[in-house]
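Examination of the molecular architecture
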Amino acid sequence: MSIPFGANIPFVHHLGFTLEKFEGGESELFFAPRAEHHNSFDVTHGGAVMTLLDVVMATAARSVEQNMGVVTIEMKTSFMRPAKVPPGEKLVGRGLLQHRTRSMAFTEGRIYDNEGQLCAMATGTFKYVARREEKSPSTD
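In this report, we go over the structure that sits alongside the text. Nothing here was measured: the structure is a model prediction, and the numbers come from that model. (Residues numbered from 1 in each chain as written. Predicted model: local features only at pLDDT ≥ 70, side-chain atom pairs only at ≥ 80, totals over all residues. Heavy atoms only, no water.)

**So, helix H2 (residues 46-62)**
A rise of 1.5 Å per residue sets the reference length of H2, with its 17 residues, at 24 Å; its end C-alpha atoms lie 24 Å apart and thus fit the reference within 8%. H2 sits mainly inside the fold: 13 of its 17 residues count as buried. (Helix = DSSP H or I, 4+ residues; strand = E, 2+ residues; numbered from the N terminus. Expected span 1.5 Å × (residues − 1). Buried < 20%, exposed > 50% of the residue type's maximum accessible area, 1.4 Å probe, protein only.)

**Notes on the pattern of salt bridges**
Going through the model one piece at a time under the given rule, you end up with six salt bridges. Taking the shortest distance from any N to any O, the salt bridge between Glu 28 and Arg 94 comes out at 2.8 Å. Within this pair, whereas Glu 28 is found in strand S2 (residues 26-31), its partner Arg 94 is found in strand S4 (residues 91-100), the two being separated by 66 residues in sequence. The residue Arg 100 makes a salt bridge to Glu 65 at a minimum N-O spacing of 2.7 Å. On the criterion of sequence distance, the pair formed by Arg 100 in strand S4 and Glu 65 in the loop between H2 and strand S3 (68-79) is long-range, its members being 35 residues apart. Given the relative accessible area of 30%, Arg 100 is considered partly exposed. (Salt bridge = Lys/Arg side-chain N within 4 Å of Asp/Glu carboxyl O.)

Okay, here's the thing in structure tokens:
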């Protein structure tokens, strides 16, 4: 059963990520890539994999203070193998909060295929920010 993200993130909704674990500095997300998420080699596009890593690390950071938001400051990604799963199967993203200060979170994330093989990993730094109660005015 999926857990609400606690924020409206249209791009995450578009990709179909689901949040399965969100507590104690840990998170887990599922992603069932569709054909439109593939690259020319018929594997999950690196940008989609990096987005999954970004979100899994951000949710790990937020899991210890769920009323706060986070913004990505820095992210380093390494790809080990193609992130390919059969149709209908899911990639699993796991995030871990390594260290936290009052305003910053230092995290790591890992993406696994349906056979449990490590496909990609990342480290990331996030800044905690207060959530806005109302939308900011348009700058158009």
